[in-house]
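Summary of structural features
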Amino acid sequence: MDSCQSDSSVPSPEEAAIAVEQARVSVMYDRLDTLRAQTEQRLTDAHLQERSGYAAIVERETRSYEHARRRAQLSSVEEGLCFGRIDISYGPDDTEARYVGRIGLRDSEHDTILVDWRAPAARPFYAATPSDPEGITRRRHLRVRSRRVLGLDDEVFDADGLSEGDRRQLVGEAALLASLHRGRTGRMADIVATIQAEQDRVIRAQLAGVLVVQGGPGTGKTVAALHRAAYLLYTHRRVLERRGVLVVGPNPAFLRYVGNVLPSLGETDVVMRTVGELFPGVEAAAHDRHATAVLKGSPRMIDFVGAAVRDRQRSPLRAFGEADLRVETDAGTLVVPADVCAHVLETTRNLKLPHNTARKYLVNTLLTELARAESELLSRPATEEDLPHVGARLWHEVPVQQALDALWPDLTPQRVLRDLYADPEALALVGAEAGVAEAESMARRPEAPWTVEDVPLLDEVAELLGQDDSLLRARQRQLDTEREEEVRYAQGVLDFTGLTEDPAEGLDAVTLAARHRDSGPNLTTADRAGADRTWSYGHVIVDEAQELSPMAWRTVMRRVPTRSLTVVGDVAQTGSAAGTDSWQGSLERYAPGKVHVEHLRVNYRTPAPIMAVAADVLREAAPDQQIPESVREEGDPPRAVRLTGLDGLPALVAEERAAVGEGRIAVVTSDTSRAETAAALPEAGRPGTGSDDELGNTVVVLTATESKGLEFDSVIVVRPEELLAQPRGANDLYVALTRATKRLTVAHEADLPDLLKRLAG
Ligand SMILES: Nc1ncnc2c1ncn2[C@@H]1O[C@H](COP(=O)(O)OP(=O)(O)OP(=O)(O)O)[C@@H](O)[C@H]1O
């Protein structure tokens, strides 16, 4: 079937080529349909399998899971199944046409008809350049919609005939530009059909070591990092399927924005988190004020946190204001003398065990001393062997527990920090001990929510506390609930298959659930990894990594002891108070000699006229940084508009709506003007409102920080003078200006800042 042929009886060369490709593509879709039908059938067969016995049931469940996975993968590749072809020359008259697509396909004879984009055989499709064609004579991009081949873009690699300018030409320029001109939807799309050579190097880099991808705004760092995750999962599936991949992003709105890309590439087993979500059980989204954020992110917090935990290990004098330990019990007042208490405390500390583990030693030793005191008080001599039993009995008396808890309590990370923040005296004491004079600035109410900056501190405390019983207990409760669920599920399996419980054979729902759990098909690696603070991931990708503080890096590194990371960011966009301005400075200590930096230099987002405005700001924000070169030379001229108040914003937004049609508009403000701007535009969406589709709104109001990593057809930057007055003002303004894919308006009330004078002309 070829709908693209014209009515004329002689097709043009392009029409003829399209007809040839249509025939090939149709074969691929036919094969896809066959595979889908087969998978569906296997899934049904697995469900109906009649063999009984544990092994058969477990096998069936495992197979069902695998078939369901395959079904999901086959259905995610419908659009754009095949998007490219390379012609490889092995000699005169010996050419192979190799097709590249979202997955690999073989025909019924087992011959390859489509190569997975991640396979080594597909590499030349992305990596070939006119100066290094990698053995291919032609690269062809196929434009396919709804199974129809609509058009072709060819690049012929005839290196001899090319000028230097042509050599620098981008890979598949026509296909790339077509994809860049598309309007924005509020969700990032995959770029599998138009990955560029410099991005391909990043995507296919080796798994080991720390790969830093440094690049200006819009150079495709994020999208390349996500494709790298898909590539690594494909290439190193056995390692990564077991250990999982973690992607750390700057904020929840960003994670939702990019959340489509991996599923569209057929990958769902990736854990996505912000730094504020890295500590299971805590979901922090708010940030501390600038100075507090700097303090909490600084390595000085390592000593501070250590001092905070030591502060909970107290002498009777510190805990009760008395040198001896005195406890009122049923038998009378028991006394452990000050020197004995001091000795026990010192010995416990010298064990150098985590706090909650060491507590067990301290409690047992002091219970023995209290037992000795009781036997003396009652004049009832007890042997050394008796004392532990007496101590165990004393532990059941509430005043005993309270007294020992006051000396060396069982702690959770949350409790350590919450108590400390709520107690200015303790803050001052701990600060003095750790040399942090400004510690009191961290004071706050106990009910205040956790901030993103607290999360690395919680993680640090957790390390010092060791295995925490209360968390274990919570986990145990969770496991119990899961187990109940599994039993219910297993019961369902039994009911569904018509197998009845047979206690004689041991076939019951509980045992089946246990078997099922051991084979583990229903709990994915991502599920398990995400819930476990001490999980070691196979690979970690950190996006907008310039925002991470030294303390946040420690938290991330704990999750990847092998130091297999992809770190993506732009030191010129650092807005966070404690963020990075040198990759080597932040990372070298964790992986000496293993940090490798790749640069992305081409901007795929911002047209040249807008980038020129941003470049003036970049020279101020980060004079050493290279200005990315825009792929798109043309674009609407950016403009400055003077407002007399924010009530002028709705009219500006209306103009932009008219200009971008279905496209999306962001109004970017300073932190101080955010509320006022949102009030002036009540119809606009705002992140953090909890709605999943907040970025799907046509118009959104964002601060520069919230806009990180996102992009919009039109951007209105409000009150640039206020953005510049923020602590990393020039960086914030740079971020705001570079969000635009088509149009930029700067709405100012004060005089236009000098940095933006280009807009005045
Ligand atoms: N090879 C490509 N083909 C098509 N589109 C691309 C390509 N590379 C990048 N893009 C598009 O360019 C835009 C910018 O990419 P991305 O957001 O990954 O850049 P970034 O470097 O992370 O930017 P920022 O630093 O501002 O967060 C996205 O819309 C992305 O889809």
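Computed from a prediction, not measured in an experiment: that's the story for all the values here.

**Structural notes on the overall build of the protein**
Along the backbone of the protein there are 31 helices and 21 strands. Counting over 761 residues, the protein shows a buried share of 51%. Look at the contacts in the protein between residues 6 or more apart in sequence, and 73% of them connect residues 24 or more apart. About 34100 Å² of surface is accessible on the protein, with carbon and sulfur atoms providing 51% of the total.

**Here we look at the UniProt feature "binding site: ATP" (unreviewed entry) in the protein**
In the numbering adopted here, UniProt assigns the feature "binding site: ATP" (unreviewed entry) to G215, G216, P217, G218, T219, G220, K221 and T222. By the secondary structure assignment, G215 is in strand β7 (residues 210–215). Relative accessible area serves as the criterion here: at 2%, G215 is assigned to the buried category. Not counting residues up to four positions away in its chain, the partners in contact with G215 are K221, G569, D570 and L600. When you line up the elements, G216 lands in the loop between β7 and α7 (221–235). Excluding its chain neighbours within four sequence positions, the residues that come into contact with G216 are K221, D570, Q573, L600 and P628.

**Things to note about the site of the ligand**
As a matter of local geometry, the ligand sits amid 25 residues, with T194, K221, T222, E711 and R739 nearest to it. For the ligand, an oxygen atom lies 3.1 Å from a polar atom in the backbone of G220. A distance of 2.8 Å separates an oxygen atom of the ligand from a polar side-chain atom of T222. In the complex, the protein chains occlude 97% of the 630 Å² of accessible area that the ligand would expose alone. Broken down by secondary-structure element, the contributors of at least two residues to the shell around the ligand are α5 (173–181) and α7.

**Digging into the confidence of the model for the protein**
Averaged over every residue, the pLDDT of the protein is 86; the share at 70 or more is 87%. The low-confidence segment residues 1–6, where pLDDT is below 50, has 15 contacts with residues more than four positions distant or belonging to other chains. Taken together, the stretch residues 515–521 has pLDDT below 50 and engages in 13 contacts with residues farther than four places along the chain or on a different chain. Interface predicted TM-score (ipTM) for the complex: 0.98; the corresponding pTM is 0.82.

**Brief notes about the pairing of strand β21 (residues 740–748)**
Buried residues dominate β21, accounting for 8 of its 9 residues. Here strand β17 (residues 639–642) pairs with β21 via 4 bridges, running parallel. Across the sheet, residue V641 finds its bridge partner in β21, namely A747. Alignment of strand β20 (residues 712–718) against β21, held across 6 bridges, turns out to be parallel. Considered in β21, the bridge of V715 is made with L744.

**Topic: the pattern of salt bridges**
This structure, assessed with the given rule, holds 60 salt bridges. Note that D616 and R758 form a salt bridge whose closest N and O atoms lie 2.8 Å from each other. With D616 in helix α26 (residues 608–621) and R758 in the segment after β21, the pair connects residues that are 142 residues apart, well separated along the chain. For D616, a relative accessible area of 16% corresponds to the buried category. Under the relative-accessibility criterion, R758 is labelled partly exposed at 48%. Taken together, the shared-partner salt bridges connect D459, E460, E463, R533, R554, R558 and R559 into one network.

**Comments concerning the sheet that holds strand β14 (residues 595–600)**
Pairing is parallel in the open sheet, where 6 strands are placed in the order β9-β8-β12-β13-β7-β14. In the strand order of this sheet, the two ends are held by β9 (270–274) and β14, each with one partner. Neighbour to neighbour, the strand axes of the sheet diverge by 15° on average, direction disregarded. In terms of strand pairing, β7 meets β14 through 6 bridges, oriented parallel. Considered in β14, the bridge of V210 is made with V595. In the packing of α7 onto the sheet, the strands contacted are β7, β8 (245–249), β9, β12 (539–542), β13 (565–569) and β14, and the crossing angle to β13 comes to about 165°.

**Regarding the nonpolar core**
Formed by 76 residues in total, the largest nonpolar core has its most connected members in W117, Y126, V617, V715, V717, L737 and L756. Per-element accounting of this core gives the leading share, 9 residues, to α7. Counting residues in each nonpolar core, the second largest holds 59 residues, with F279, M301, W583 and Y590 among its members.

**As for the packing of aromatic side chains**
Taken as a whole and assessed by the stated rule, the structure comprises 2 aromatic pairs. Summarising the aromatic geometry, the rings of F83 and F125 are spaced 6.0 Å apart at their centres and angled 50° between planes, so their arrangement reads as tilted. Of the two residues, F83 sits in strand β1 (residues 82–91) while F125 sits in helix α3 (residues 123–127), which places them 42 residues apart along the sequence. Measuring from ring centre to ring centre gives 5.0 Å for F125 and Y126, while their planes differ by 85°; the resulting arrangement is edge-to-face. Neither F125 nor Y126 differs from the other in exposure class; each is buried. Among the aromatic residues, those joined into a ring-pair cluster are F83, F125 and Y126.

**A few points about the environment of T412**
Relative to the assigned elements, T412 resides in the loop between α17 (398–407) and α18 (413–421). C-alpha separation for the pair T412 and V461, spaced 49 residues apart in sequence, amounts to 8.3 Å. A distance of 3.0 Å separates a polar side-chain atom of T412 from the backbone nitrogen of R415.

**Considering the packing of helix α12 (residues 300–310) against helix α19 (residues 424–434)**
Contact pair α12 / α19: the axes reach a minimum separation of 8 Å and the direction vectors enclose 125°. Taken together, the axes of α12 and α19 are oblique relative to one another. When the axes of α12 and α19 are compared, the crossing they make is right-handed. In this structure, α12 uses D303, F304, A307, A308 and R310 to contact α19, whose residues at the interface are L427, V430, G431, E433 and A434. Of the residues contributing to the contact of α12 with α19, the split by class is 6 nonpolar, 1 polar and 3 charged.

**Some points on the packing of α26 against helix α31 (residues 729–737)**
Where α26 contacts α31, the two axes come as close as 9 Å, and the packing angle between them is 165°. In this view, α26 runs roughly antiparallel relative to α31, as classed from their interaxial angle. Crossing hand, α26 versus α31: left-handed. In this structure, α26 uses I610, M611, V613, A614, V617, L618, E620 and A621 to contact α31, whose residues at the interface are A730, N731, L733, Y734 and L737. A per-class count over the contact of α26 with α31 returns 11 nonpolar, 1 polar and 1 charged.

**Let's talk about a nonpolar patch on the surface**
Together, L351, L353 and Y361 give the surface a local cluster of nonpolar side chains, amounting to about 240 Å² of exposed area. Checked against the element boundaries, Y361 lands in helix α15 (residues 355–377).

**A closer look at unusual backbone geometry**
Although it is not a glycine, H110 sits at a positive phi angle of roughly 70°. Inspection of the secondary structure assignment puts H110 in the loop between β3 (105–106) and β4 (112–116). One non-glycine residue, R719, lies in the positive phi region at around 50°.

**What about the environment of P263?**
Among the secondary structure elements, P263 is positioned in helix α10 (residues 261–264). Residues P263 and L407, spaced 144 residues apart in sequence, show a C-alpha to C-alpha distance of 52 Å. Those residues within four positions of P263 in sequence are excluded, and the remaining contacts are S76 and T268.

What counts, and where the lines are drawn
Residues numbered from 1 in each chain as written. Predicted model: local features only at pLDDT ≥ 70, side-chain atom pairs only at ≥ 80, totals over all residues. Heavy atoms only, no water. Helix = DSSP H or I, 4+ residues; strand = E, 2+ residues; numbered from the N terminus. Buried < 20%, exposed > 50% of the residue type's maximum accessible area, 1.4 Å probe, protein only. Contact = heavy atoms within 4.5 Å. Areas by Shrake-Rupley, 256 points an atom, 1.4 Å probe, with all protein chains shown as cover. UniProt positions renumbered as here; feature names shortened; annotations may be inferred. Near = heavy atom within 4 Å. Polar contact = N/O pair within 3.5 Å; in protein donor to acceptor, adjacent residues only side chain to side chain. pLDDT = per-residue confidence, 0-100. Pairing = 2+ DSSP bridges. Salt bridge = Lys/Arg side-chain N within 4 Å of Asp/Glu carboxyl O. Axes fitted to C-alpha atoms, helices over the stretch in contact; angles between N-to-C directions. Core = buried A, V, L, I, M, F, W, Y, C linked by side-chain atoms within 4.5 Å. Phe/Tyr/Trp six-rings, centres within 6.5 Å; stacked < 30°, edge-to-face > 60°. Parallel < 35°, antiparallel > 145°, perpendicular 65-115°, else oblique. Left-handed = near helix turned anticlockwise from the far one by under 90°. Nonpolar A, V, L, I, M, F, W, Y, C, P; charged D, E, K, R; others polar. Patch = residues over 30% accessible without salt bridge, like charges linked within 9 Å, V, L, I, M, F, W, Y side chains within 5 Å.

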